[in-house]
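Now for the letters of each chain:
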Amino acid sequence: VFGDWSSDVCSSDLASDGLTGIANRRFFDEHIARELRRARRSGECLSLVMCDIDHFKLFNDTYGHQAGDDCLRRVAATLAGQVERASDVAARYGGEEFAVVLSNTGEEGARVVAERVRQALRMADIPHAASPHGRVTVSIGIATSTPDVDNASEHLIKSADYALYQAKHQGRDRICLAGAITSD
């Protein structure tokens, strides 16, 4: 369900997020660095999809933290269900933020995956009375890079995070692209 990421580590307990069961931040950091090195050697592009649950604090305030934890698990499972290739990884980035690393995937391919995530979450129809949408939604930022320097992961993450900020600023429940970037 989460890609074949567990084969890259000695113990999946150290690689998975205790609450959601998908890859954790530590594994994400290691995986994106490894995939960027691979992309640098091969000249292929790499995309990063950053997702943030819209109005999550209001969700917790309305339904309580237990329901918030259940919501995080459902969103993580929905996200991971859209990751089809073994080289791709869905991870909990922190709090209510998630990331998907898409190897050898350009901007258009990343947008397709991001839209599948939005649609799958819409189909999950998780109620959220405090949201203007009436259900749980996510804002998504995408960045794509053909890496050529060592600091590419920081640059790619910053770019995806900026695109995520733009999606939130433009009304949430949407996808924004940072555009193709070349680290230099």
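Our structure is the block above this text.
Residues numbered from 1 in each chain as written. Predicted model: local features only at pLDDT ≥ 70, side-chain atom pairs only at ≥ 80, totals over all residues. Heavy atoms only, no water.

**Q** What is the right way to look at the overall build of the protein chain in this model?
**A** In terms of helices and strands, the protein chain carries six helices and five strands. Sequence-ordered secondary structure for the protein chain, helices as α and strands as β, is α-α-β-α-α-β-β-α-β-α-β. Taking contacts inside the protein chain between residues at least 6 apart in sequence as the whole, the part at least 24 apart equals 69%. Here the protein chain displays about 8500 Å² of accessible surface, and carbon together with sulfur accounts for 49% of that area. (Helix = DSSP H or I, 4+ residues; strand = E, 2+ residues; numbered from the N terminus. Contact = heavy atoms within 4.5 Å. Areas by Shrake-Rupley, 256 points an atom, 1.4 Å probe, with all protein chains shown as cover.)

**Q** Explanation requested: the packing of aromatic side chains in the structure shown.
**A** For any two aromatic rings, the description comes down to two numbers: the centre-to-centre distance and the angle of the planes. This structure, assessed with the given rule, holds three aromatic pairs. Judged by centre distance (6.0 Å) and plane angle (5°), the ring pair of F56 and F59 falls under stacked. Placement of the pair is F56 and F59 together in helix α3 (residues 56-63), with a separation of three residues, close to one helical turn. Looking at F56, the relative accessible area reads 7%, which means it is buried. With a relative accessible area of 5%, F59 lands in the buried category. One aromatic cluster is present, built from ring pairs that chain together F56, F59 and Y63. One residue, R25, lies across the ring of Y93, its end atom 3.8 Å from the ring centre. (Phe/Tyr/Trp six-rings, centres within 6.5 Å; stacked < 30°, edge-to-face > 60°. Buried < 20%, exposed > 50% of the residue type's maximum accessible area, 1.4 Å probe, protein only. Lys NZ or Arg CZ within 6 Å of the ring centre and 35° of its normal.)

**Q** So what exactly am I meant to see when it comes to the packing of helix α4 (residues 65-80) against helix α5 (residues 107-124) here?
**A** For any two helices packed against each other, the geometry is given by the interaxial angle and the distance between the axes. Across the interface, α4 lies against α5 with an axial gap of 9 Å and an inter-helix angle of 135°. The orientation of α4 with respect to α5, classified from their angle, is oblique. Like other packed secondary-structure pairs, α4 and α5 cross with a definite hand, here right-handed. Taken together, the residues of α5 that come into contact with α4 (itself represented by R74, V75, T78 and L79) are V117, A120, L121 and A124. The residue makeup of the contact of α4 with α5, split by class, is six nonpolar, one polar and one charged. (Axes fitted to C-alpha atoms, helices over the stretch in contact; angles between N-to-C directions. Parallel < 35°, antiparallel > 145°, perpendicular 65-115°, else oblique. Left-handed = near helix turned anticlockwise from the far one by under 90°. Nonpolar A, V, L, I, M, F, W, Y, C, P; charged D, E, K, R; others polar.)

**Q** Explain the pairing of strand β3 (residues 97-103) here, please?
**A** Each regular strand carries side chains that alternate between the two faces of the sheet. Of all seven residues that make up β3, seven are buried, and the element is covered over most of its length. Because side chains alternate across β3, one face comprises the buried residues E97, A99, V101 and S103, and the other comprises F98, V100 and L102, equally buried. Here five bridges tie strand β2 (residues 89-94) to β3, and the two strands are oriented antiparallel to one another. In the strand pairing of β3, A90 is matched with V100. Here β2 folds back onto β3 in antiparallel fashion, the turn holding two residues, of which G95 has a positive phi close to 55°. (Pairing = 2+ DSSP bridges.)

**Q** Honestly, the side chain of T144 in this entry has me stumped. Any pointers?
**A** Tracing the backbone through its elements, the reader meets T144 in strand β4 (residues 138-145). A distance of 2.6 Å separates a polar atom in the side chain of T144 from a polar atom in the side chain of S47. Here E107 takes part through its backbone nitrogen, which lies 3.5 Å from a polar atom of the side chain of T144. (Polar contact = N/O pair within 3.5 Å; in protein donor to acceptor, adjacent residues only side chain to side chain.)

**Q** Looking at this model, I keep getting lost on α4. Mind explaining?
**A** Helical geometry: 3.6 residues make up each α-helical turn, so side chains three or four residues apart lie on a common side. For α4, spanning 16 residues, the distance from its first C-alpha to its last is 22 Å, which sits close to the expected 22 Å at 1.5 Å a residue. Those residues of α4 that sit buried are G68, C71, L72, V75, A76, T78, L79 and A80. Contacts made by the buried residues of α4 are with β1 (46-53), α3, β2, β3, α5 and β4. (Expected span 1.5 Å × (residues − 1).)

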